[in-house]
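Next come the chains, spelled out residue by residue.
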Amino acid sequence: MENKVALYQPKNLSLKEIDYLGKIMAASGRFQTIQGEAQAVVQILAGQELNFPPLVAMTKIHIIQGKISVSAELMAAMIKRSGEYDYKVVEHTNQKCSV
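Okay, so let's go over this structure.

A closer look at the packing of aromatic side chains
Part 1 of the argument: According to the stated counting rule, one finds zero aromatic pairs in the structure shown.
Part 2 of the argument: Positioned above the aromatic ring of Tyr-87, the side-chain terminus of Lys-80 is 4.5 Å from the ring centre.
Part 3 of the argument: Residue placement shows Arg-81 over the ring face of Phe-52; its charged tip is 4.0 Å from the ring centre.

Printed below as a string of structure tokens:
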């Protein structure tokens, strides 16, 4: 299965656009780890720096004790989009995962 996140190239958003999206995302109540607009804006900015769209940033990037952490799925997307590395999942079960 091809990772669609790796293929998407978002445009750079202005700070005004990011601020607007941060307000909407914080107000939505759909992101339990986000406590306010400022945190949503920081999360979106982190995603933009890594070249990922706002919703991916809100769901796949985490800021833990001030440090950016990305999900395994996002790491995989970053590897694939680098153009230097690739992988293929050979086996994925409850007991084993081979790439």
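Overview of the nonpolar core
Part 1 of the argument: Leu-13, Ile-18, Met-25, Phe-31, Ile-34, Ala-40, Val-41, Ile-44 and Met-58 together form the largest nonpolar core, which totals nine residues.
Part 2 of the argument: The set of elements that each furnish at least two residues to this core consists of α2 (15–28) and α3 (37–49).
Part 3 of the argument: Looking at this core element by element, the count peaks at three residues for α3.

Observations regarding the side chain of Gln-43
Part 1 of the argument: By the secondary structure assignment, Gln-43 is in helix α3.
Part 2 of the argument: Note on Gln-43: relative accessible area 5%, which makes it buried.
Part 3 of the argument: With residues near it in sequence (within four places) discarded, Gln-43 still touches Ile-34, Ala-57, Met-58, Ile-61, His-62 and Ile-63.

Notes on a nonpolar patch on the surface
Part 1 of the argument: A cluster of nonpolar side chains, contributed by Val-42, Ile-63 and Ile-68, occupies part of the molecular surface with about 240 Å² of accessible area.
Part 2 of the argument: Assignment of secondary structure puts Ile-68 in strand β2 (residues 67–70).

Comments concerning the environment of Met-25
Part 1 of the argument: Mapped onto the fold, Met-25 is located in helix α2.
Part 2 of the argument: Under the relative-accessibility criterion, Met-25 is labelled buried at 8%.
Part 3 of the argument: C-alpha separation for the pair Met-25 and Ala-40, spaced 15 residues apart in sequence, amounts to 6.7 Å.
Part 4 of the argument: What Met-25 contacts, discounting residues up to four positions off in sequence, is Phe-31, Pro-54, Leu-55 and Met-58.

Focus on the pattern of salt bridges
Part 1 of the argument: Using the criterion set out here, one finds four salt bridges in the structure.
Part 2 of the argument: Linking Asp-19 and Lys-23 is a salt bridge whose minimum nitrogen-to-oxygen distance equals 3.4 Å. With Asp-19 and Lys-23 both in helix α2 and four residues apart, the pair spans about one turn of that helix.
Part 3 of the argument: A relative accessible area of 32% places Asp-19 in the partly exposed class.

Some thoughts on the pairing of strand β1 (residues 61–64)
Part 1 of the argument: For β1 and β2, the ladder comprises four bridges, and the chain directions are antiparallel. Residue pairing in the sheet places Ile-63 in a bridge with Ile-68 of β2.
Part 2 of the argument: Between β1 and β2, which follow one another and run antiparallel, lie two residues, and Gln-65 among them has a positive phi close to 50 degrees.

Criteria and thresholds
- Residues numbered from 1 in each chain as written.
- Predicted model: local features only at pLDDT ≥ 70, side-chain atom pairs only at ≥ 80, totals over all residues.
- Heavy atoms only, no water.
- Phe/Tyr/Trp six-rings, centres within 6.5 Å; stacked < 30°, edge-to-face > 60°.
- Lys NZ or Arg CZ within 6 Å of the ring centre and 35° of its normal.
- Core = buried A, V, L, I, M, F, W, Y, C linked by side-chain atoms within 4.5 Å.
- Buried < 20%, exposed > 50% of the residue type's maximum accessible area, 1.4 Å probe, protein only.
- Helix = DSSP H or I, 4+ residues; strand = E, 2+ residues; numbered from the N terminus.
- Contact = heavy atoms within 4.5 Å.
- Patch = residues over 30% accessible without salt bridge, like charges linked within 9 Å, V, L, I, M, F, W, Y side chains within 5 Å.
- Areas by Shrake-Rupley, 256 points an atom, 1.4 Å probe, with all protein chains shown as cover.
- Salt bridge = Lys/Arg side-chain N within 4 Å of Asp/Glu carboxyl O.
- Pairing = 2+ DSSP bridges.

No statement about biological role is implied by the geometric values presented.
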